[in-house]
Amino acid sequence: MSTKKPNFRVTIDKLMTRFSGVRRYGLAVFIVFISLLYGFVLFRINSLNSAQPSQDAIAAQVKAARVPHIDQAAIQQLQSLQDNSVSVQTLFNEARSNPFQ
């Protein structure tokens, strides 16, 4: 039984001779790789920029931004208080004439 131990130096030399031809074009391969990477990024930015939201997303945002409504009973109660009290009437008139006081 004779087993040969792998000689790493010989293996490395073989790989270097095979890839020596590719080494000449290393810069060109790198530039092509970077160009493809930039092209892919620009394509993704363009596709994500032109994407339209779904109807479910629009409905969820509209539902989340509900306009608060004031109770009619509260409005009538404030109007009746304003009509009955002179001091409240003056307070409302002052607030209307100078709201930043």
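Per chain, residues are indexed from 1 in the order of the written sequence. Reporting in this predicted model follows two pLDDT cut-offs: at least 70 for local features of residues, and 80 or more for side-chain atom pairs to be given and counted; totals over whole chains, interfaces and linings ignore these cut-offs and use all residues. Excluding hydrogens and water, the side-chain figures rest on all heavy atoms present in the structure.

Trainee: Just to check I follow, could you spell out the overall build of the protein chain for this structure?
Mentor: The helix and strand labels rest on DSSP assignments: H or I over at least four residues marks a helix, E over at least two residues marks a strand, and numbering proceeds from the N terminus. From N to C terminus, the protein chain includes five helices and zero strands. In sequence order, the secondary structure elements of the protein chain are arranged as α-α-α-α-α. Here the globule rule is a power law, 2.2 Å times the number of residues to the power 0.38, and the radius of gyration is based on C-alpha atoms. Taking 101 residues into account, the globule formula puts the C-alpha radius of gyration at 13 Å, and the protein chain, at 39 Å, lies well above it. Per-residue burial over the protein chain gives 1% buried out of 101 residues. Note that accessible areas follow from Shrake-Rupley with a 1.4 Å probe, and for residues the cover is restricted to the protein chains shown. Surface summary for the protein chain: the accessible area is close to 10200 Å², and the carbon and sulfur share equals 63%. The convention is simple: Lys and Arg are positive, Asp and Glu are negative, and His and the chain ends are not counted. In plain terms, the charge of a residue is placed at NZ if it is Lys, CZ if Arg, CG if Asp and CD if Glu. A distance of 43 Å separates the average location of the 11 positive side-chain charges in the protein chain from that of its 5 negative side-chain charges. Relative accessibility under 20% of the residue-type maximum defines a buried residue, over 50% an exposed one, and the middle range a partly exposed one, all with a 1.4 Å probe and only protein chains included.

Trainee: Would you mind showing me how to read a nonpolar patch on the surface here?
Mentor: Residues Phe33, Leu37, Phe40, Val41, Leu42, Phe43 and Ile45 make up a contiguous nonpolar surface patch of about 740 Å² in total accessible area. Along the chain, Val41 turns up in helix H2 (residues 26–49). Of the residues examined, Val41 reaches a relative accessible area of 38% and is grouped as partly exposed. Patch membership requires over 30% relative accessible area and the absence of a salt bridge. Like charges are linked within 9 Å, and nonpolar side chains (Val, Leu, Ile, Met, Phe, Trp, Tyr) within 5 Å. When a carboxyl oxygen of Asp or Glu is within 4 Å of a side-chain nitrogen of Lys or Arg, the pair counts as a salt bridge.

Trainee: Whenever I open this one, H2 confuses me. Can you help?
Mentor: For H2, with 24 residues, the first-to-last C-alpha span of 34 Å sits near the 34 Å given by 1.5 Å per residue. For H2, the buried fraction is low: zero of the 24 residues fall into the buried class. The span you would expect from a helix comes to 1.5 Å times its residue count less one.

Trainee: Help me understand the packing of helix H4 (residues 72–84) against helix H5 (residues 86–97) in this model?
Mentor: Any two packed helices are characterised by the angle at which their axes cross and by the distance between the axes. Every axis in this analysis is a line fitted to C-alpha atoms, fitted for helices over the stretch in contact. Angles between the N-to-C directions lie between 0 and 180 degrees. Where H4 meets H5, the closest approach of the two axes is 5 Å, and the angle between their N-to-C directions is 110°. Judged on the interaxial angle alone, H5 and H4 are roughly perpendicular. Contacts between H4 and H5 involve Leu81, Gln82, Asp83 and Asn84 from the former and Val86, Val88, Gln89, Phe92 and Arg96 from the latter. The labels follow the angle: roughly parallel below 35 degrees, roughly antiparallel above 145, roughly perpendicular from 65 to 115, and oblique for the rest. It only takes one pair of heavy atoms within 4.5 Å for two residues to be counted as in contact.

Trainee: Looking at this structure, how should I read the environment of Thr17?
Mentor: Examined against the element boundaries, Thr17 turns out to sit in helix H1 (residues 8–23). The class for Thr17 is exposed, based on a relative accessible area of 56%. For the pair Thr17 and Gln61, spaced 44 residues apart in the sequence, the C-alpha separation amounts to 63 Å.

By themselves, these figures tell us nothing about what the structure is for.
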